[in-house]
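Here is how the chains run, residue by residue.
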Amino acid sequence: TPLNAILGFAQLLDAQSGERLPPPQRDWLRRLSQAGWHLLDMINDVLDLSRIEADALELSRGQVDLHESISSSVAMVESTAAQRGVALVCELEPDARFAIGDAVRVRQVLLNLLSNAVKYNREGGRVVVHCRRGRAGMLEVEVSDTGLGLDDAQLALLFEPFNRLGRERSGVEGTGIGLAIVQRVVQAHGGRIWAEARPGNGAAFLFTLPGHE
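Residues numbered from 1 in each chain as written. Predicted model: local features only at pLDDT ≥ 70, side-chain atom pairs only at ≥ 80, totals over all residues. Heavy atoms only, no water.

Engineer: I would appreciate a short explanation of the environment of V104 in the present structure.
Structural biologist: Position of V104 among the secondary structure elements: in helix α4 (residues 103–119). The exposure class assigned to V104 is exposed, which follows from its relative accessible area of 57%. (Helix = DSSP H or I, 4+ residues; strand = E, 2+ residues; numbered from the N terminus. Buried < 20%, exposed > 50% of the residue type's maximum accessible area, 1.4 Å probe, protein only.)

Right, here's the structure in full:
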């Protein structure tokens, strides 16, 4: 696609000439690359949402190691968390490990919730991921943060596509699509997702998946 060319040539320019460019031009190149990757994420989210709404989401069901999925997802946000001084904590209960689902889609859910918990957190904050046994053979994963939290009006619109709940004025990049996708993916697995929040005291997102005996 044209976007592949933009990103590809930006990477080539950075690799071959980046250090020789004057500081202002190096900054322009960095912004070009960041904007390109952000646009790619937006396109992928829109395509994902379109597939889901067209009932064309395919799941490859099998045994999912939630502990491994959580650990690998946490590793993917460690760099961003470190830049903001956000601590990442995992609390994984031994008897809540294996679920039934699509491993790739489960990681997509985890990565979205973790990314949000980091980028909407306060400087020097904390993110805790807790995996435990729920009711009726379900496993429950909770991702909590120490950010601004959400009020009742925001909670009511939480999973509405393209609604950023006022966060578009925060300077943090986003599309308002991620949580809508996460909700539909969790529901396609036979689970549910919800949030618990209090303004000024952070938020917690929880979702369930069928357990694998």
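There's more to say after this.
Engineer: Would you explain the pairing of strand β7 (residues 203–210) in this entry?
Structural biologist: Regular strands place their side chains on alternate faces of the sheet. Burial runs high along β7: eight of the eight residues are buried. Residues A203, F205, F207 and L209 point to one face of β7 and A204, L206, T208 and P210 to the other, with burial holding for every one of them. The sheet contact formed by strand β5 (residues 138–145) and β7 spans seven bridges and is antiparallel. Within β7, the position partnered with M138 by the bridge is P210. (Pairing = 2+ DSSP bridges.)

Engineer: How should I be thinking about helix α2 (residues 23–53) in this particular structure?
Structural biologist: At 3.6 residues per turn, the α-helix brings residues three or four places apart onto the same side. Counted at 1.5 Å a residue, the expected span for α2 with its 31 residues is 45 Å, and the 45 Å between its end C-alpha atoms agrees. Buried within α2 we find L29, G36, H38, D48, L49 and I52. Check the buried side of α2 and you find it contacts α1 (2–17), α4 and α6 (178–188). (Expected span 1.5 Å × (residues − 1). Contact = heavy atoms within 4.5 Å.)

Engineer: Is there a simple way to explain the packing of aromatic side chains in this structure?
Structural biologist: What characterises a pair of aromatic rings is the spacing of the ring centres plus the angle enclosed by the ring planes. Tallied over the entire structure, the rule returns zero aromatic pairs. Seen from the ring of W194, R192 lies directly overhead, with NZ or CZ sitting 3.8 Å from the centre. (Phe/Tyr/Trp six-rings, centres within 6.5 Å; stacked < 30°, edge-to-face > 60°. Lys NZ or Arg CZ within 6 Å of the ring centre and 35° of its normal.)

No statement about biological role is implied by the geometric values presented.
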